[in-house]
Every structure is written in structure tokens, then in C-alpha cells.
Amino acid sequence: MTETVKARKEVTPEDKWDVTVLYPDIKTWENEFSKITIKETTPKWPKLAAFHGRLREGTEVLKEALETFLTLQRELEKLYTYAHLRHDEDITDDEHKAAFQKISSLLYDFQQECAWFDPELLALPDDIIDGYLQSPMLAPYRFHLEKIVRMRPYTLSADKEELLAMAGKPFQAAPKAFSALNNADIKFGKVKDGDQKEHELSHGLYQLFLRSPDRTLRENAFKQMQGKYGDLENTLTELIYGEIQSHIFNAQARGFTSSLEAALYPKKIPESVYRSLIAAIRKGLPSLHKYTALRKKLLKLPELHLYDMYVPLVPQIEITMDYHEAEEEVIASVHPLGKEYQALLKKGLTEEHWVDRFENKNKRSGAYSSGYYDSYPYILMNYRGILRDAYTLAHEAGHSMHSLLSWMVQPYQYSRYPIFVAEVASTFNEELLAQHLLKKLTKKEERLFLINEKIEDIRATLFRQTMFAEFELTLHELVEAGTPLTPALLRELYYKLNCDYFGPSVHIDDEIAIEWARIPHFYYNFYVFQYATGISAALDLSEKVLKEGPDNYLAFLKGGNSLFPIDLLKLAGVDMTTSQPVEAAIRKFDALVTELESLTLPPLSH
Ligand SMILES: [Zn+2]
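Residues numbered from 1 in each chain as written. Predicted model: local features only at pLDDT ≥ 70, side-chain atom pairs only at ≥ 80, totals over all residues.

Participant: What exactly am I supposed to notice about the overall build of the protein here?
Facilitator: When helices and strands are counted, the protein shows 25 helices and seven strands. Relative to the compact-globule value of 25 Å for 606 residues, the protein shows a C-alpha radius of gyration of 26 Å, a close match. For the protein, the spread of C-alpha atoms along the principal axes amounts to about 85 × 60 × 50 Å. For the protein, the residues scored as buried account for 34% of the 606 residues in total. The long-range share in the protein, meaning contacts at least 24 apart out of those at least 6 apart in sequence, stands at 73%. (Helix = DSSP H or I, 4+ residues; strand = E, 2+ residues; numbered from the N terminus. Rg over C-alpha atoms; globule rule 2.2 N^0.38 Å. Buried ≥ 20, exposed ≤ 12 C-beta atoms within 10 Å, placed from the backbone. Contact = placed C-beta atoms within 7 Å.)

Participant: Can you help me understand the domain arrangement of the protein in this one?
Facilitator: As far as domains go, the protein holds domain 1 (8-170), domain 2 (187-231) and domain 3 (235-314 + 447-606). The straight-line distance from the C-alpha centre of domain 1 to that of domain 2 is 45 Å. (Domains from an automatic or database assignment.)

Participant: I keep staring at helix α25 (residues 580-599) and nothing clicks. Help me out?
Facilitator: Side chains three or four residues apart in an α-helix point the same way, a direct result of the helix having 3.6 residues per turn. In this model α25 runs 29 Å from its N-terminal to its C-terminal C-alpha over 20 residues, within 8% of the 28 Å that 1.5 Å per residue would give. Listed in full, the buried residues belonging to α25 are Pro581, Val582, Ala585, Ile586, Lys588, Phe589, Leu592, Val593 and Leu596. One side of α25 holds all its buried residues, which, seen down the axis, span an arc of 155°. Opposite the buried face of α25, by more than 90 degrees, sit the exposed residues Ala591 and Ser598. (Expected span 1.5 Å × (residues − 1). Arc of directions from axis to C-beta.)

Participant: Is there a simple way to explain the sheet that holds strand β5 (residues 368-370) in this structure?
Facilitator: Adjacent strands of a sheet pair through backbone hydrogen bonds, lying either parallel or antiparallel. In space, the three strands of this open sheet follow the order β4-β6-β5, with mixed pairing throughout. Sheet topology places β4 (355-356) and β5 at the edges, where each strand pairs with a single neighbour. In this sheet, strand β6 (residues 378-380) lies alongside β4 in parallel orientation, the contact comprising two bridges. Residue aspartate 356 lies in a different strand from β6, and its bridge partner there is leucine 380. Most of the contacts of helix α18 (residues 387-409) go to β5, to which it runs at about 15°, and overall it touches β5 and β6. (Pairing = 2+ DSSP bridges. Axes fitted to C-alpha atoms, helices over the stretch in contact; angles between N-to-C directions.)

Participant: Help me out: how do you make sense of the packing of helix α17 (residues 339-350) against α18 in this one?
Facilitator: The axes of two packed helices give the description: the angle between them and the distance between them. α18 packs onto α17 with a crossing angle of 110° between their chain directions and a minimal axis gap of 11 Å. The angle between the axes of α17 and α18 places the two elements in the roughly perpendicular class. Read as a crossing pair, α17 and α18 show a hand that is right-handed. Contacts between α17 and α18 involve Tyr341, Leu344, Leu345 and Gly348 from the first element and Ala397, Ser400, Met401 and Leu404 from the second. A per-class count over the contact of α17 with α18 returns six nonpolar, two polar and no charged. (Parallel < 35°, antiparallel > 145°, perpendicular 65-115°, else oblique. Left-handed = near helix turned anticlockwise from the far one by under 90°. Nonpolar A, V, L, I, M, F, W, Y, C, P; charged D, E, K, R; others polar.)

Participant: Would you take a moment to explain the environment of glutamate 219 for this structure?
Facilitator: Relative to the assigned elements, glutamate 219 resides in helix α11 (residues 215-230). When the C-alpha positions of glutamate 219 and tyrosine 307 are compared, they lie 5.8 Å apart, and in sequence the two are 88 residues distant.

Participant: Help me out: how do you make sense of the environment of leucine 121 in this one?
Facilitator: Checked against the element boundaries, leucine 121 lands in helix α5 (residues 117-122). Taking the C-alpha atoms as reference points, leucine 121 and leucine 55, 66 residues apart in sequence, are found 6.6 Å from one another. Once residues within four sequence positions are removed from consideration, leucine 121 is found in contact with Leu55 and Ile148.

Participant: Just to check I follow, could you spell out the environment of arginine 218 for this structure?
Facilitator: Relative to the assigned elements, arginine 218 resides in helix α11. Residues arginine 218 and alanine 50 lie 168 residues apart in sequence; the distance between their C-alpha atoms is 62 Å. Once residues lying within four places of it in the same chain are set aside, the contact partners of arginine 218 are Phe209, Leu210, Ser212, Tyr307, Asp308 and Val311.

Participant: Quick question: what am I supposed to make of the packing of helix α14 (residues 271-283) against helix α22 (residues 529-548) here?
Facilitator: Packing of α14 against α22 leaves a shortest axis separation of 11 Å and a crossing angle of 75°. Comparing their axes, α22 and α14 come out roughly perpendicular. Listed contacts from α22 to Val273, Tyr274 and Leu277 of α14 are Phe529, Ala532 and Thr533. Here the contact of α14 with α22 is composed, by residue class, of five nonpolar, one polar and no charged.

Participant: How should I be thinking about unusual backbone geometry in this particular structure?
Facilitator: For residues that are not glycine, phi is negative in most cases, and the peptide bond is trans in most cases. At asparagine 362, a residue that is not glycine, the phi angle is positive and equals roughly 65°. Looking at the secondary structure, you find asparagine 362 in the loop between β4 and β5. You will see that asparagine 525, though not glycine, has its phi angle at about 60°, which is positive. Here asparagine 525 lies in the loop between β7 (506-507) and α22. In this structure asparagine 525 comes out as partly exposed when scored by C-beta crowding, with 19 C-beta atoms within 10 Å.

Pasting the structure below:
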């Protein structure tokens, strides 16, 4: 297929998202932008600054201050949403790029000008704060205030807070240096395939090469990729060591007992959620080992290496779907969530034009769901027509429907759901699509393909991310106990983890010991575990919804950000403080492996 990629202006309206509901055109956006701030003044929003120093005056003043802040934020979000969507349509469009930069910079100013709010509130005496939290007038903002007040025991005096804020920028050195090295400076060179043909290696191509049926290419890509990081091992060790020390500095400066506690406390996620995830996954490793053993058998390899882990097991039968088919299947698949949900999604996809469907020249790559309280929950895609793309549509539609239902039910201040629960709604809809397709597709090869995809998905999201989470926790705990991080120690720890997780059927290549060095998420401060908890909750909930109906799950989606994440998930019927959801996800994985095994048995001869 040599279909040429269209320029943005050649894309038909049918295939574009409808952003005209925000502003008819960029000129109108410019007009609105110039109205939102009184130019050249400091502060830019005198109305907001007028409340500085007045929060102790009473409920009425606090309510006015909150409402002034939220109203401004909502107007800015409208401007931001439009500019960022237009920017992503064609990132070389100068007019849209300028608009995007202008609003991004204004948002930064806005945050700076609001920075006094939380510290001022936190500095008030207990009785005033308690009064505010009990006040019926402030009831719509109670949880919003509670989240701020929660940080009270860990907030320092004003001058110390100022000092910590000033230290924020230098602490960005390690993650920024890693990002510059990883995205720009590092060069991967070329690798040879089985026919001695050379191929350029890059982050994106690496994933592709690992799926290649050409084993020589897989091996060369794997060894060269790790090798390039190995060449920079001392630098990369210092960077991750520095990053971890900055987490520990911030935790200790505020009086937390550990960096893990400091990372989880603001979201009210108990440490036990993190630790019991690791414990439950460790207990479930035999299921992963059962899969690696089966993979070895099916690939008929004398030795299964780490570069054999991604190659598809089913001799490529690619299931394809055009966009409209995918749209239809995704809409059909959400049937278990009830008529209202299904109708809203159908309207969004087919009438309101939430989705920017296909690639065009200079369009942002990948896929996302984005929008704000008063807009559609837009979806950016680069739909090509392979099965993975249909799953991506289901995934992003899951995010978008979560947004839409939150926006319909919650007031603005509780409309943006927390990150800890975000991937539940999206993974849930992928699972619904998988179930729907498994019911429809009856050919053995198609079922094999679907099941293998699902297994790989769970392996990558549940097991691999938990292995990362375990590594991340170990490093923090070692540094907290005073152990310096050295290249040799990191290699040893990471190699051992890979042995434990992949099990005895896999030959653990020495090169893997440096893989930790190319994972950007280790600079995100205890982030990755949320992928694993997210997929666990989603798999557990999809089973519950199919058995018990969608009411509790819909209540969770409509909950937005009106509760702490663990409490939101309790609404849905899943308790993340127990290991039960993770165990359910492992059982599901195990059942899929068993099914894969039975589908691949040679036919019995009678
Ligand atoms: Zn997502």
C-alpha cells in the first residue's frame, strides 16, 4: 500500500474532530485570549491577587476567592484546550503553535499568581480551618479544601516553603539531563538482520524489531540497544542516584518517614497498596512462568532468550478493520454498560465528531483523550486499520466516556479524575472489546491471535510494571538506608529481578542487567505501579459488571474527582487495599494461558 499521507487541509470534515464548538476559528480565539488578562500588569489578575492575605476573614471571603480562582481557571482551560488540539493537528502550523505557546505561558503565570493560596490557607489556626471545613456555605468545596488541608502536617514555615520552591528548578537537572540524553544525544547506530542487511535502530524501531520473525535481527537489536546504555552506565547511574536523592530530600525536608510515603500521601493511597501489589505478583509468578514455558514450546526454540519474548506466537494472521467497522464494534462492545452509556458514546463518535481519525502530514503521533469541562472529550488517533488500532479506539473512548460522565454529574472543581483511576476506565473498555470480539470470531487462528494479544497486554502492564515498581522501591530503600548506588549494584539487582520474574524457561541474557537505564518512568517518582493496579481493577471490575450489572461501575465513572482514588474504586466495588483485585487479574492471566495451551494442542488422532 502506497497511500500518500494527506496534508491537513485535505482532510475531510467527516474525519476531523469538531473543535468549532469551542471557537469558530483561531481569530475568535485570539480575541478571547486578549480579553482574559489585563495586559502588561503585574499581577495579571488583580481580582485574584485582591484575596491575598484575606483568607482568614471568613467563609464568605474564602468562597469568593475559590470561585474567582475556579472561574478564571475554567476560562483558561477553554483557551488551552482549543490551542493544544489545533496545535496537534499539524505541529508545523505557525499560527497554532504561537497560540499554544502563548496560552501555555499564560497558564504558567496563572499558577505562579495562585501559588500563595495553599500556604496561606495552611498557615491559618486550627479553629479557623475547622470552621471552614464545617461551614455549610463551603460545603461544595469541602473535599477540595480537605485535600489541601491534608498536607498540613507536612507543610513548613513560609520561609522554608519558599526555599523548597526555589530548589524545585535545580532538582529538575537529573530528569532533564536523562531526557536530553535519551531523546537526543544517544545514537543507536545500525543493526544487521539475518540477510546481513543493515537497519537504523531507534526507540520506535526497537519495539518493531523485537516482534520480527528474523531472530538474528531481534538478537542484534536487543544486544545493541542495551550495549549503548551500557557505554553510558556511570553517567546513567549518577543520574538515577541523583533523582532518588531528590525524592528523599523532599520527603525528609517535610518530615515523611520515607520517599514512598511522601509520594502516596497526597493521594491518600496507603503504602500497603504498593507493597501488597508486589507481594501478590510475586505469589503469582508461577502463572507467568507457565506462560514462558508454553512460549518456549510453541516457538520450538532450544533456548528461549529475552529477545524472543515479543515475537508473536501465531504465524501472522493480522485481523484488520476499517475505521467504521472499529467504531461499530467499539460501540457494540459497551453493551454491558447499559443503554445510556452506549447511546452517549455512539452520539459522540458518530454525530458530535469527537475523534480526529487518521494520520495527516505533521499530525502528532500516538493517541490520547483530551478536553475540559465545557468541551467534548476529544480523541486524537492515527488509525491505520490493524486490530491494535481498534483497541486504541476502545481505550481512548473509555477515557472520554469517563470524562463525559464526570463532567455531566460533578461540579467543575471535581471534574478531573485522578491519575490513579484513569487507566481503569480505558483498560476496562479494551477488555469489553476483547470479550465482544472473542464472541464474534470463531476461527481458531483468530481466537489464538486475540488471546495471545491479551496475554501479552497483561504481561506488559501487570507483571512488567510491577517488576519496575519493585526495582524502584528497592533503590529508594537502599539509598534511604545509606547504601550508595553503583553500576555493579544496579546490574545485580536488575538481573536478579529478571530471573525471578521470567522464570526457569527463559535464558536471562547478561545484557538485560542494564535495561533499567533506558526506562524514563524511573524519573517519575513512584508512578509505574499505577499501571499494574489500574489493569487489576479493570479486569476485576469487568467480571463484576458482567455478573452484577453496571450500576456501581457507572457510579465510579460519575464520581470524577469527588473522592480520594481508593474510595472512588470502592464505589465501583473493588478494594485496592486488599490483594484480591491483583489476584483476580493473575487468575485471568492464568486462565488465558491455559486456553492458549489448549488451542495450540496438536489435533488428536483417532
Ligand atoms: Zn490511557
